[in-house]
Amino acid sequence: MTTPNTDELFQSTYDRVAARYDDLWSRHVQTPNDRLTRGLGLRRGERVADLACGSGAATLPMMRLNAPGETVAVDPSAGMLHLAREAAASEGLALSAIQAKAEDFIAAAPAASFDVLSMRFALAYLDWHSVLPAMGRLVRSGGRVGVLTSLATSAPQALTIYHRIAESMEMEINEPPTPKNIGIVEELLARGGLRIDDSWQHGFRLWFGSGVEATRWLLDTGYVTHPALKGLEGEVLDGLVELFGAHLDGEFREDDGLPLDFFVTGIIARRP
Ligand SMILES: C[S@@+](CC[C@H](N)C(=O)[O-])C[C@H]1O[C@@H](n2cnc3c(N)ncnc32)[C@H](O)[C@@H]1O
């Protein structure tokens, strides 16, 4: 439901949502985040980069393991980066925070300059077909790369309604911006000279009070960032949220509320 050419929209979304991001999203993905961090096998003194670090929800647990090694946190959103910096400072940890897109950081970083790279929940916002193969160059021999991402199969309820509304309005339908399956991510990482050590899937269901509440959450978290939403606000946006929410309720409402199902995949790759 996104395309990679909507940079400004992503950045403004994340600057706006920064303060509420951990409550809206991070707490729901603690389990897969912890599993990826464990899989990276971090050691004291190692040099780590967390690309698209966001609020630092996953950066901090890594820093606790590699300190006093340097951790570089990269994100184009000033609001998110500020939170990551503050979180590290509150634990007395020194974070090297860089405001940049992952693509630019990867292109500029020297080869084999990191022991560990992590990139979590960011593939929807960048051209992962070129970014994933480029990651291997940055890690030294024995270095690890961890990728955590939602899959295109995630939030099928929202996808169904998006297709229905787009077809009824004769709008162009954008396919989900995340990979369809783990195999695609594995293959692209391997192209960068990495060997896949481990990969797994994790599913979870979130419940909302109504379709409108679920739709607002999808927008507020940045989970859905369609180019057609750019610049929409006030009554027009509210109308769209009402319409989408009513369709969600009509099709998927259960006794306990409105469910959205999420499927994420974690991959650990290593440079031999
Ligand atoms: C869904 S959040 C994930 C944040 C963090 N990795 C986590 O798991 O909590 C996506 C993050 O990607 C960042 N982002 C968007 N476009 C990016 C790009 N081209 N390169 C790096 N980060 C990007 C956003 O600013 C946002 O902080």
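About the thresholds
For every chain, the first residue of its written sequence is number 1, and the numbers climb from 1 along that sequence. The model is predicted, so local features are restricted to residues of pLDDT at least 70 and side-chain atom pairs to those at 80 or more, both for listing and for counting; the totals for chains, interfaces and linings are taken over all residues. In this text, near has one meaning. A residue is near a molecule or strand if its C-beta atom, placed using the backbone, is within 6 Å of it. We count a stretch as a helix when DSSP gives it H or I for four or more residues in a row; a strand needs E for two or more, and each element gets its number in order from the N terminus. As a working rule, the residues Ala, Val, Leu, Ile, Met, Phe, Trp, Tyr, Cys and Pro are called nonpolar, Asp, Glu, Lys and Arg charged, and the rest polar, with Gly in that last group. Using C-beta atoms placed from the backbone, we call a residue buried if 20 or more other C-beta atoms fall within 10 Å of its own, exposed if 12 or fewer do, and partly exposed for counts in between. A pair of strands is treated as paired once DSSP finds two or more bridges between them. By definition, the crossover connecting two strands over a helix is right-handed if that path, from the first strand to the second, turns clockwise as seen with the strands pointing away from the viewer. For helices, the axis comes from a line fit to the C-alpha atoms of the stretch in contact; other axes are also lines fit to C-alpha atoms, and the angle between any two N-to-C directions lies between 0 and 180 degrees. Oblique is the label for every angle not falling under 35 degrees (roughly parallel), over 145 degrees (roughly antiparallel), or within 65 to 115 degrees (roughly perpendicular). For any helix crossing, the convention is left-handed if the near helix is rotated counterclockwise from the far helix by under a right angle, and right-handed if that rotation is clockwise. Two residues qualify as a contact pair if the distance between their C-beta atoms, derived from the backbone, is within 7 Å. In plain words, the nonpolar core is the set of buried Ala, Val, Leu, Ile, Met, Phe, Trp, Tyr and Cys residues that C-beta atoms within 7 Å link up. Think of pLDDT as the predictor's per-residue confidence, scored from 0 to 100.

Participant: For this particular structure, what's the right way to read the site of the ligand?
Facilitator: Taken together, 23 residues sit near the ligand, with Ala52, Gly54, Ser77, Ala102 and Tyr125 positioned nearest. Only helix H1 (7–24) and helix H5 (102–108) provide two or more residues apiece to the shell around the ligand. Taken together, the residues that form the shell around the ligand break down as 14 nonpolar, five polar and four charged.

Participant: I tried to follow the pairing of strand E4 (residues 114–120) on my own but got confused; where do I start?
Facilitator: The two faces of the sheet receive side chains in turn, since in a regular strand these alternate between them. In terms of burial, E4 is largely enclosed, as seven of its seven residues are buried. By the bridge criterion, four bridges tie strand E1 (residues 48–51) to E4 in an arrangement that is parallel. Considered in E4, the bridge of Ala49 is made with Leu117. Regarding topology, helix H6 (residues 128–135) serves as the crossover connection from E4 to the parallel strand E5 (residues 139–150), and that connection is right-handed.

Participant: Just checking my understanding: could you explain the packing of helix H9 (residues 211–220) against helix H10 (residues 234–252) for this structure?
Facilitator: The packing of two helices is summarised by the inter-axis angle and the distance between the axes. Taken N-terminus to C-terminus, the directions of H9 and H10 make an angle of 125°; their axes are 7 Å apart at the nearest point. With respect to each other, H9 and H10 are oriented oblique. Note on packing geometry: the crossing formed by H9 with H10 is right-handed. Contacts between H9 and H10 involve Gly211, Val212, Ala214, Thr215 and Arg216 on the former and, on the latter, Val241, Glu242, Phe244, Gly245, Ala246, His247, Leu248 and Asp249. Partitioned by chemical class, the residues of the contact of H9 with H10 number six nonpolar, four polar and three charged.

Participant: When you look at the sheet that holds E1 in this model, what are you seeing that I'm missing?
Facilitator: By way of backbone hydrogen bonds, the strands of a sheet pair with one another, either parallel or antiparallel. The strand order across the open sheet formed by seven strands is E3-E2-E1-E4-E5-E7-E6, and the pairing between neighbours is mixed. Sheet topology places strand E3 (95–98) and strand E6 (195–208) at the edges, where each strand pairs with a single neighbour. Averaged over all adjacent pairs, the angle separating strand axes in this sheet is 15°, with direction ignored. Where E4 lies against E5, six bridges are found, and the strand directions are parallel. Bridging from a neighbouring strand, Leu117 pairs with Val145 of E5.

Participant: In this structure, what is going on with the packing of helix H7 (residues 156–168) against H10? I would like to understand it.
Facilitator: In the contact formed by H7 and H10, the axes pass within 10 Å of each other and the chain directions differ by 120°. As far as their axial angle goes, H10 and H7 are oblique. The two elements H7 and H10 cross, and the hand of that crossing is right-handed. For the pair formed by H7 and H10, the contact residues are Gln157, Thr160, Ile161, Arg164 and Ile165 on the first element and Leu243, Phe244, His247, Leu248, Glu251 and Phe252 on the second. Along the lines of polarity and charge, the residues of the contact of H7 with H10 split into six nonpolar, three polar and two charged.

Participant: When you look at the nonpolar core in this model, what are you seeing that I'm missing?
Facilitator: Generally speaking, soluble globular proteins have nonpolar side chains that are buried together. Counting 58 residues, the largest nonpolar core has Ala84, Ala102, Leu117, Ala122 and Leu189 as the members making the most contacts within it. For this core, the element with the most residues is helix H4 (residues 78–90), which contributes five residues. The residues touching Ala102, leaving out its near neighbours within four places in the chain, are Leu51, Ala52, Val74, Met119, Ala122, Leu126 and Val131.

Participant: How should the confidence of the model for the chain be read in this particular structure?
Facilitator: Taken over all residues, the pLDDT of the chain has a mean of 92, while the share at 70 or more is 94%. Predicted confidence is poor over residues 1–5, with pLDDT under 50, and the contacts of this stretch with residues over four places away or in other chains come to 16 contacts.

Participant: Help me out: how do you make sense of the pairing of E5 in this one?
Facilitator: With nine of 12 residues buried, E5 is to be regarded as a mostly interior element. Bridging between E5 and strand E7 (residues 258–270) involves seven bridges; their strand directions are antiparallel. Paired with Ser150 across the bridge in E7 is Val264.

Participant: Honestly, the environment of Tyr14 in this entry has me stumped. Any pointers?
Facilitator: Its place among the elements puts Tyr14 in helix H1. Along the chain, Tyr14 and Leu81 lie 67 residues apart, while their C-alpha atoms are 10.0 Å from each other. Setting aside its immediate chain neighbours within four residues, Tyr14 contacts Ser77, Gly79, Met80 and Gly222.

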